Structure formats: structure tokens, C-alpha cells
Amino acid sequence: MKVLTMAEMAANGEQPEILFWVGCAGSFDQRAQKITKAFATILDKAGIRYAILGKEESCTGDPARRAGNEFMFQMMAYQNIQILNGYQIKKIVTTCPHCFNTLKNEYPALGGNYDVIHHTQFLEELIASGKIKILDSNEWKGKSITYHDSCYLGRANEIYEAPRKVLESLDMELREMKRCKSKGLCCGAGGAQMFKEEEKGDKRINTERADEAIETKSDFVASACPFCNTMLTDGIKNRDEDMNTSVLDIAEIIEKAIQ
Amino acid sequence: MMGLFPQIIFSLLTLLAFGLFVKKINEIRSAILLGKATFLNDKPLQRWKNVFLLALGQKKMFRNPIVALLHLIIYIGFIIINIELIEIILDGLMGTHRILSKPLGNYYSLFINCFEILAFLVTIVCILFLVRRNILKIKRFVSKDLNGWPRTDANYILIAEIILMSLFLLMNAADTNYQFIISSKISPWLHGNTADTLYLIEKSAWWLHILGIYAFMNYLPYSKHLHIILAFPNAYYAPLIPKGVMHNMPAIQNEVLYAMQPELAPSDALAPESFGAKEATELSWKNLMEAYSCSECGRCSTACPATSTGKLLSPRKIMMATRDRIETISKNIQQNKQFISDGKTLLHDYISVEELRACTTCNACVEECPISISPLDIIMELRRSLVMEQSNAPQEWNGMFSNIENNFAPWKFAPDDRDAWTKQV
């Protein structure tokens, strides 16, 4: 499978249907790379003409902005918008809700206007349009799963249904946690917390959320954000070293359920 | 002449009550306007819709239906029973007795019966709320956020409402000329009193009721109960954009733009005075209005991942601290004609760095607030000041900033490896 960069496509005078914004976690973090690969595989199987920015992609600036460093955010936004506009990008899909929120909601004020969707929305579209077909005898059938809402997908952008619809298309038993959808509990990574030690308290936030996930007694935990994925995996590991409940991104689940 | 005496006293007290109330409200208005300008007048239709849904309709309260219903009873009771104040004030000014009973004819009893039923229900709910607050150990009410005055404030309001409603019912019960639906059940307790005593009871209840209302009205601006007024403008000015958006800082945007494309820089570009907010006056007037609108219910802090895992941060406390600070500044200005430094700032003296550091920006507090207050917005403004004005960031964040600057990712990876994964598929 060949993943084309925008530079390669532009050199051939081609324009992609959609740009896959990989994000820093998706590019560098070993665990998140698996999500990236799974999603790229799905795009490939669905016959989508997509491209990545490759080495030309940079951090959107989200963690810097949330930490309070607006200068750093504006610098990154300026660079990224120059590149995206230079390639005349119209549509972007990303596997990271933080990149999603920044590209979709915060770049327009800075001159970057794109149609941005999250990969769970894109997967929902691909399934609905029949571009990808779920195998009747997929390995998830009959298994139970609980979905953890990412704050930047959920409350920040009110996307609650797309990820759930994708999971339901697999004939899985979707079990909700005590706090879900608009009441969903954060994994603890947002607001640049991912990049620092938690402040002192009685309990770690990811442990609190892992407990709620474990309480559902589901076979799997589904996430739609690379940071939630890391936080929940660590949280569950804290409670259950054997990791009887594994945390999977929705893209990884779908990748294994299609032809 | 003696006959006019009560009327004169009543008129003076009414004037005093409204005068003091308007004066205090104006002071609060000036305090709010100490905040920075922000434009929030677009899409008036959508804004009015929010006023109807959030403030009038209390839509978000219904995330917890039982409490919402109880709150709704007090709220409707409050609004509707206050219609009766028109008659009470008219009677007081003109020296009449139930001035509206004639013009309203048969409808009069209907109105008063409705008021009485509501008064009775409000009393019951206030008692239930007192029990909830003081006997049942509900986390958001036993929270240390409310220690001291705020907890007393909440109880005062409930007790005041019970007293006012009881006086209203007692006044009607002692009025032998009328039979109303609830007060007629109280009348038998008053049997055995002479007509004169009954008259005295009725008049006393009437006076205590209206004076109580005036006192309550003037207590409002000092209390968390101010939300009954400010919930309306607060809902009107509620943000109409997705919660994920952090508001842009055009000053910095331009600075970056001019650094990258110096040809665009105007020759007379001025550097902005400060970034973010260290002091309450550096917040927007909307942030300050929210601080005055907060009813300290604590739904935000119950939902907050930091508060609920024992971190120092509590979004409710952020709002309370902001109100305390702007009140102090406002008083300072009134006394000194201008602000004379008291050596304190909102950041550090009212809200600590540790609190700000604990926020995950998850928006749970914003989502939960029944009147769409955003503690998050204040937290972010203070974080901006901390990082950009005081270079105060944890070591790990400084590392993250330099990684973003040098490696274009928050971690220290070689930028050339960004697409390394493509070779493994």
C-alpha cells in the first residue's frame, strides 16, 4: 500500500478527495501509529483518493494554546494554514479530536477554512454509502463494548452519535458507562495535561474513568482519540495488569471487520 | 391626618427600598463594565431563543428532572405571587384594602387562590431544599467551596421565602371577609380571637410581608440569589459557537503575521498592553456578569474531573473568587474615586496556579451550568497571563513548547520521521 503525500500528488497535478491529517500522536506515538495505519488501510480499501502532508504537517498548536501559549499556537497555525491553503485543501479528515477541533473551529478565524470531519464521521459515511462493507462474520459480533466519549468530539463539538452508529453496525453490544455523552468524564489528557504530571489529588482522572469502563464488564473499550486511548489503557493497566479489557480505536475495530 | 400617616410611611419606605435597590444594581452594572469590551450582539433571534429556553424555560435544569421540578415550583411561585405585589403596593400607597377585589369581581378569588396554592407549594419545596442542603449529605452542598457566608446565604434565602409565604397566608387567614383555598385551613387556628385582634394580626402580617419583600429585594444583589435577575442577560449573551472554540487573540495573530510577513506591518502598530488576565478587570464584562449570575449550585464542580478526583480546582470556586475580586475592586473605586492598589490580584491571591494547572479543558463545567456560565473561559484567560506575561509554566510544558517550536510536535521526535509509519503499511 502506498500512502501519497500532498507534495507527490501536487507534482502530478492531482488533487485528493480528502486530506488525511495524521496529527502528532498518530505520526510518532507507537500506539497511535497503529490507529493511523488502520485508518489508512480503511481509506485504501474504500478506494478513497487521499493524501497526507507527511513531513510538511506540524502540530496544530492545540496543546500550546490550551496551556496558555497563544504565540506558539499562532505560529503553528500560520505555518499550517500557509501549507493547507497553498495546496488548496478543501476537505480534511483526522483521527485526532484535538486536531479536529482546532482545524475545524479555530483556524477559520485565522484564514484557514476547510470542511473538517473526524474519522468516526467519515467511517459512518463510508459504511452508509456502502464504500466499505462490514463482514457478516466479523470477529466483533456478539462481543460487548463500551464507548468513551472524547471531550473534544463530544461536548466541544456535540458528536455523540457517529462513533456509536459505527460500533452498532458491527452487531456489537454497546454498553454505556455511568457517565456518557454530554455527561462523559474526561480521560484526563485534555488542556495539555497529556504533557505534564497530574496535579495532586485523591485519585488519577484516568483511573476514575477506567473504573467506570471496567464497571460495564465489557469485552472492549472503544476510543476515538489517541490521547484518550493512552490514558484509558494506562488506567485499566493500573487496575488489572492482565489487561482483560483492551482499549481500541474505532478505526482499528473497523479495519478488522471489513473485506 | 392620622389616617394618612401609614400611607406616608409606606410611600417613604417604598421609595427607599426601590432607591437602594436601583443604586446597588447600578453599582453592579458599573462593576461588570469594568471588564473588557466584547461584542456579543450578533444573531439576536438565536439569543432570544436562549433566553426562552435556558432562563425562562430552565431547559438545562431538566438534566435532573426531580430537582428541576422543585426549582420550577419556586421559580413560578416567585414570578406569579409577585403579581399580588401590585395590589399590596397600591393598597399601601392609597390606604385601601384589597383594591383589586372590586374591579376583578369573581376573578379576584381565583387569582388569590392560585397565589395561595403556589405559596403553599413554595413553602413545602423550600423546606425540602433546606433538608437537602443541611441534612442529606449531598456532595456539592457539603463542599468546602461553600464554607462560611455562602452556605449561610443559601439558607437565609430559603428561610426568608418560607417566612414571606407564611406571612402572606397568615394575612389572608386573618381577613374574615374572605375565604381562600389554603388560608381558610389556617383560619380555624385563629378562632377565639376578637375582631380587633384579627385585624391587628392581618395588618401586622401585611406590613411584615411587604417590608420583608423590600428587605429581600435589597438582599438580592449581595447574594447568590441574584441569578433570578442575571440569568436572563446571561442567557442572552451565551456563546453561540461550539464549546471547543477558544476565543482568538487578534493582537498576537497580527504580531505573528507581521513577523512572518513584515511588509504587512503598519508603521504605527502598537504593542498590546497585556496578554490574558491577571486581574478581574482584564476579563471581559461577560466573564464578570457570569460571576454575578452564578448561583453557586455546584453542578459544574460535581461534573469536573479535577474536582471529583480531589484536585484543588473547583470551577464553582473560580466563579465565586471572580465575583469576590470584582466586588472588592468596585468598592475600592467607590471609596477612592479610582482604583488604589491593594497589593492583590485575581490570579495568585484569589485563584492559585495549582487550581489553574488542574483544568483539562473538558467543558463539563460549561455543559452543566444551567445558565451557560463558562468557568473555563476565565481559567484560560488566567493561564494565558501566567504563561505569556509571567513565563510561569511547569517544566514539562516548557519542554513541550520547545519541542513544538523545534520539532513541530509536542514530543522530541525527528520531524523527518513524521511519515515513517507509511513505510510499515
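Model, not experiment: these values are computed from the prediction.

Draft legend 1. Here's a closer look at the overall build of chain A. Across its full length, chain A carries eleven helices and eight strands. The C-alpha atoms of chain A give a radius of gyration of 18 Å, which matches the 18 Å a tight globule of 259 residues would have. The C-alpha extent of chain A, read off along each of the three principal axes, is 50 × 50 × 30 Å. Relative to its full complement of 259 residues, chain A shows a buried share of 65%. Considering only contacts within chain A whose residues lie at least 6 apart along the sequence, 78% involve residues at least 24 apart. Looking at chain A as shown, the accessible area adds up to about 9,300 Å², and 45% of this sits on carbon and sulfur atoms. The centroid of the 33 positive side-chain charges in chain A is displaced by 1 Å from the centroid of its 38 negative side-chain charges.

Draft legend 2. Expanded view of the pairing of strand β7 (residues 220-223) of chain A. Residue and element names in this part refer to chain A. With burial as the criterion, each face of β7 is covered, one bearing Phe220 and Ala222 and the other bearing Val221 and Ser223. As judged from the three bridges shared by strand β5 (residues 144-147) and β7, these two strands associate in the parallel manner. Residue pairing across strands places Thr146 opposite Val221, the latter belonging to β7. Relative to strand β8 (residues 246-249), β7 runs parallel, the two being bridged by four bridges. By the bridge assignment, Ser223 is partnered in β8 with Asp249. Taken together, β7, helix α10 (residues 226-239) and β8 constitute a β-α-β crossover, and its handedness is right-handed.

Draft legend 3. Layout of the sheet that holds β8 of chain A. In spatial order, the strands read β6-β5-β7-β8 (chain A); together these four strands make up an open sheet with parallel pairing. Both outer strands of the open sheet, β6 (173-174) and β8 of chain A, are each paired with one neighbouring strand and no more.

Draft legend 4. Spatial organisation of the interface of chain A and chain B. Taken together, the contact between chain A and chain B spans 71 residues of the former and 63 residues of the latter. A buried area of about 5,800 Å², summed over both sides, lies between chain A and chain B, and 63% of it is on carbon and sulfur atoms. Run the count over chain A and chain B and you get six salt bridges. If you list the elements that add at least two residues to the side of chain A that touches chain B, you get α2 (23-28), α3 (30-45), α4 (62-67), α5 (70-86), α6 (97-106) and α9 (205-215) of chain A. When residues in the side of chain A that touches chain B are grouped by element, the largest group, nine residues, is from α5 of chain A. Classifying every residue of the side of chain A that touches chain B gives 30 nonpolar, 21 polar and 20 charged.

Draft legend 5. How the structure looks around the pattern of salt bridges. On inspection of all chains with the given rule, the structure shows 41 salt bridges over all chains. Residues Lys243 of chain B and Glu158 of chain A are paired through a salt bridge, measuring 3.5 Å at the closest nitrogen-oxygen approach. Taken together, the residues span two chains, with Lys243 of chain B in the loop between α11 (227-236) and α12 (250-260) and Glu158 of chain A in the loop between β5 and α8 (161-168). Relative accessible area serves as the criterion here: at 23%, Lys243 of chain B is assigned to the partly exposed category.

Draft legend 6. Structural detail: the pairing of β5 of chain A. All names here are of chain A. By the alternation rule, side chains of β5 split into Ser144 and Thr146 and Ile145 and Tyr147, which are all buried. Examined bridge by bridge, β5 and β6 share two bridges and lie parallel to one another. Looking at the pairing, Ile145 lines up with Leu174 of β6. Each parallel crossover has a hand, and the one from β5 via α8 to β6 is right-handed.

Draft legend 7. Quick peek at the domain arrangement of chain A. All names here are of chain A. Split into domains, chain A comes out as domain 1 (6-124) and domain 2 (134-255). Relative to domain 2, the C-alpha centre of domain 1 lies at a distance of 23 Å. Of the residues lining the interface, 29 residues belong to domain 1; the matching set on domain 2 comes to 28 residues. The contact between domain 1 and domain 2 buries some 2,200 Å² in all, and 69% of this surface belongs to carbon and sulfur atoms. It is Arg31, His98 and Thr120 that lose the most area in domain 1 upon contact with domain 2, and together they represent 23% of the buried surface on that side. If you look at where domain 1 meets domain 2, you find two salt bridges. Along the contact surface separating domain 1 from domain 2 lie seven residue pairs in polar contact (both at pLDDT 80 or more). Looking at the side of domain 1 that touches domain 2, the elements with two or more residues in it are α3, α4, α6 and α7 (119-128). Considering every element that reaches the side of domain 1 that touches domain 2, the biggest residue donor is α3, with nine residues. Classifying every residue of the side of domain 1 that touches domain 2 gives twelve nonpolar, nine polar and eight charged.

About the cut-offs
Residues numbered from 1 in each chain as written. Chains lettered and ligands numbered in written order. Predicted model: local features only at pLDDT ≥ 70, side-chain atom pairs only at ≥ 80, totals over all residues. Heavy atoms only, no water. Helix = DSSP H or I, 4+ residues; strand = E, 2+ residues; numbered from the N terminus. Rg over C-alpha atoms; globule rule 2.2 N^0.38 Å. Buried < 20%, exposed > 50% of the residue type's maximum accessible area, 1.4 Å probe, protein only. Contact = heavy atoms within 4.5 Å. Areas by Shrake-Rupley, 256 points an atom, 1.4 Å probe, with all protein chains shown as cover. Lys, Arg positive; Asp, Glu negative; His and termini not counted. Charge placed at Lys NZ, Arg CZ, Asp CG, Glu CD. Pairing = 2+ DSSP bridges. Right-handed = clockwise from strand over helix to strand, strands pointing away. Buried area = accessible area lost by both parts, 1.4 Å probe. Salt bridge = Lys/Arg side-chain N within 4 Å of Asp/Glu carboxyl O. Nonpolar A, V, L, I, M, F, W, Y, C, P; charged D, E, K, R; others polar. Domains from an automatic or database assignment. Polar contact = N/O pair within 3.5 Å; in protein donor to acceptor, adjacent residues only side chain to side chain.

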